[in-house]
Amino acid sequence: MQALFDEFPVIVGAFWLTIRLTLAGGALALVLGTVLAGMRVSPLPVLRGIGTAYVNILRNTPLTLVIVFCGLGLGLVLDVSFSTSLSTNYLWLSIIGLSAYTAAFVCEAIRAGINTVPLGQAEAARAIGLTFFQNLRLIVLPQALRAVIAPLGSILIALTKNTTIAAAIGVGEASLTMKTLFESHGDAVVPIFFGFAMGFLILTLPTGLLFTWLSRRLAVVR
Amino acid sequence: MSALTTEPRRTRGGAGTPDRVNVLYDAPGPRARRRNAVFTVLVIVAALVAGYTMVVKLNDKHQLDPALWTPFLRGDVWVNLILPGLLNTLSAAAVAALIAVPFGFVLGIGRLADHPWIRVPAGVVVEFFRAIPLLVMIFAVMYGGSAVFGLTVTPFTAVVIGLVLYNGSVLAEIVRAGIQSIPRGQSEAALAVGLRKGQVMRMILLPQAVTAMMPAIVAQLVVLLKDTALGFIVSFEDLLNAGARVLPSNFNNLIPSVIVIAIVYIIINLIVGAFATWLERRSRRSRRTSAKPIEPPGAIVVPGSPTGVSAVD
């Protein structure tokens, strides 16, 4: 138990990294996922094909493989570099992997949301002469996004848990820190585990409640 | 209210040929068709430029050398290096699935028990293991096993226990939703003709619920199969280990081998996923159950949208 208190600043620091990974990965995934959803409903078969291929490939690949590819493949072999600091570089590479993977799920959620917008809305938009882009941007996406707030919340919670996989390329977020603490405090494995479990509960439970509340508050009244 | 994008609509566009047209845009006239053609060409050019840049970059780093790719044409590389990893991945997934499914049934039925001393612990277990990242569980099993019980936990055991605890809890939610999706009248009628609670569950609810939840269970098994790759982090010699450690250390070909391994994963998952979709269509038609197929927990479910069987993970 004492180990938990002694290492408290280390644990908080690790979870702060988890939070940063989640927020950065989530923001990028939301942008990329929205673009992909737009591609998948676009008039151009080429764009639809690229979007479909992307989603099917990323959704069926283990995230660990995606992260390893980003860290070792892009980072070590291809020398993709975001920063001179090695740890910052791996942080960004893991964010790329996380957001590329999560974007596939965001895309599917938004596409499901687009299907909830009543037919008449898009037809009316076309009737007043809006182009595909204007239709998507002004009429369909605002309603679609508000319809899928709850599923996006589930995706964000899954992302929070998935950030642990950045440990595969040595990013010192919560799970890797837990492993390090297990090794240095072999006598306190149980309290350390429950401490970290508690940390994840503290991150995921309020996220779930917040998104449920938001989805009710922002629901489109029909 | 009907779907915007999935509904094929017939138009009078091309001489009597039915055209699948999306309601988000008009059926293209001559100008729009020209514009679309221009954009299509632009997209293809952009894709080619991106592809070319990638090829140049890969070539600069000597990743396109035939020596890095030819190992995949050799039978012995597959038999000695890749297949053992694949076998480990599949056996970990199979063992975990065989334990997780009954575990999920016990927990899911436990959560529906009338006695709080069964219901509450089952609920706590399910919610706890669903909230904890799988990797944290795997680390805890590995280090906890030796520190607390003095056992040496092999990576295989740690991965399987982690997968069982996490997926069992997710399956418990599927089982609970499946049983709850049976109309109340069914169990009320069964109780009225004098069946006991256990008999109602065994003879009335479960047979129908299993049909309804089969697709969601199989979809969750895709997640389980994908999650075996976490074993890579604790040095489990799985398929990913073959692609990211074994092959590169033999042929120094990390990028080619990760790509090939990714294709193997994608093919396996697409097959299992297609099986889930087939099961869903079948159970939607089934007259042996009064319940509709249920969604995996965390699946993208939006009121009014067509259902799918993809789980979020």
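For every chain, the first residue of the written sequence is number 1, and numbering continues from 1 onward in sequence order. Labels follow written order: the first chain is A, the first ligand is 1, and so on. Totals for whole chains, interfaces and linings use every residue, but because this is a predicted model, local features are given only for residues with pLDDT of at least 70 and side-chain atom pairs only at 80 or more, for both listing and counting.

Describing the overall build of chain A
In DSSP terms, a helix is any run of H or I states spanning at least four residues, a strand is any run of E spanning at least two, and both are numbered starting from the N terminus. The number of helices and strands found in chain A is 10 helices and zero strands. Counting from the amino terminus, helix and strand elements in chain A follow one another as α-α-α-α-α-α-α-α-α-α. Projected onto the principal axes, the alpha-carbon positions of chain A cover approximately 70 × 45 × 30 Å. Note that contacts rest on C-beta atoms placed from the backbone: two residues are in contact if these are within 7 Å. Excluding contacts between residues fewer than 6 apart, the proportion of contacts in chain A whose partners are at least 24 apart in sequence is 75%.

Concerning the overall build of chain B
In terms of helices and strands, chain B carries 10 helices and zero strands. We call a residue exposed when 12 or fewer other C-beta atoms sit within 10 Å of its C-beta, buried when the count reaches 20 or more, and partly exposed for counts in between; the C-beta positions come from the backbone. A buried classification covers 41% of the 313 residues belonging to chain B.

Let's talk about the confidence of the model for chain B
All names here are of chain B. Summary of the metric used: pLDDT quantifies the predictor's per-residue confidence within the range 0 to 100. Considering every residue of chain B, the mean pLDDT works out to 86; 87% of them sit at 70 or more. For chain B, helix H2 (residues 66–69) is the element with the lowest average pLDDT, namely 88, and helix H6 (residues 155–180) is the one with the highest, namely 95. Segment residues 6–21: pLDDT under 50, and 15 contacts once partners within four positions in sequence are set aside and those in other chains are kept. Low pLDDT, under 50, characterises residues 304–309; the stretch is placed with 17 contacts to residues that sit more than four places away or in other chains. Here the predicted complex scores 0.90 on pTM and 0.93 on ipTM.

Description of the interface of chain A and chain B
Every contact between the two is made by 60 residues of chain A and, on the other side, 58 residues of chain B. Contributing elements (two or more residues each) for the side of chain A that touches chain B: helix H3 (45–59), helix H4 (63–77), helix H5 (86–114), helix H6 (119–127), helix H7 (132–147), helix H8 (149–162), helix H9 (174–184) and helix H10 (189–217) of chain A. Counting residues per element, the side of chain A that touches chain B draws most heavily on H10 of chain A, at eight residues. Here the term charged refers only to Asp, Glu, Lys and Arg, the term nonpolar to Ala, Val, Leu, Ile, Met, Phe, Trp, Tyr, Cys and Pro, and the term polar to all other amino acids, Gly among them. Taken together, the residues that form the side of chain A that touches chain B break down as 41 nonpolar, 13 polar and six charged.

A look at the nonpolar core
Among buried residues, those of type Ala, Val, Leu, Ile, Met, Phe, Trp, Tyr and Cys that are joined through C-beta atoms within 7 Å form a set called a nonpolar core. In terms of nonpolar packing, the biggest core is built from 140 residues, with Leu 65 of chain A together with Ile 138 of chain B touching the most fellow members. At 17 residues, H5 of chain A tops the list of elements feeding residues into this core. With residues near it in sequence (within four places) discarded, Leu 65 of chain A still touches Ala 229, Leu 240, Val 258, Ile 261, Ala 262 and Tyr 265 of chain B.

Regarding H3 of chain A
All names here are of chain A. Take the residue count of a helix, subtract one, and multiply by 1.5 Å to get its expected span. Along its 15 residues, H3 runs 21 Å from first to last C-alpha, staying within 8% of the 21 Å computed at 1.5 Å per residue. Looking only at H3, the buried set comprises Gly 51, Val 55, Leu 58 and Arg 59. Projected down its long axis, H3 shows its buried positions confined to an angular sector of 95°, all on one face. Of the exposed residues in H3, those oriented more than 90 degrees away from the buried face are Pro 45 and Ala 53. The arc refers to the directions leading from the helix axis to the C-beta atoms.

Some thoughts on the packing of H8 of chain A against H10 of chain A
When two helices pack together, their arrangement is given by the angle between their axes and by how far apart the axes lie. Residue and element names in this part refer to chain A. Put simply, H8 and H10 touch, their axes get as near as 8 Å, and they point 170° apart. If you check the angle between H8 and H10, you find them roughly antiparallel. Contacts from Ile 149, Ala 150, Gly 153, Leu 156, Ile 157, Thr 160 and Lys 161 in H8 reach Phe 200, Leu 203, Thr 204, Thr 207, Gly 208, Phe 211, Thr 212, Leu 214 and Ser 215 in H10. Within the contact of H8 with H10, the residues separate by chemical class into eight nonpolar, seven polar and one charged. Axis definition: a line fitted to C-alpha atoms, over the contacting stretch in the case of helices. Angles run 0 to 180 degrees between N-to-C directions. In these notes the angle categories are as follows: under 35 degrees is roughly parallel, over 145 is roughly antiparallel, 65 to 115 is roughly perpendicular, and the rest is oblique.

Digging into unusual backbone geometry
Residues and elements named next belong to chain B. Of note in the backbone geometry, Ser 235 takes a positive phi value of approximately 60° without being a glycine. Mapped onto the fold, Ser 235 is located in the loop between helix H8 (197–227) and helix H9 (239–251). Backbone geometry at Asn 252 places phi at a positive 55°, although glycine is not the residue there. Within the secondary structure, Asn 252 sits in the loop between H9 and helix H10 (254–285). A tally of 14 C-beta atoms within 10 Å means that Asn 252 is categorised as partly exposed.

Digging into the environment of Asn 88 of chain B
All names here are of chain B. Secondary-structure assignment places Asn 88 in helix H3 (residues 75–111). Judged by C-beta crowding, with 21 C-beta atoms within 10 Å, Asn 88 ranks as buried. Residues Asn 88 and Tyr 143 lie 55 residues apart in sequence; the distance between their C-alpha atoms is 22 Å. Setting aside residues up to four positions removed in sequence, Asn 88 forms contacts with Phe 236, Glu 237 and Asp 238.

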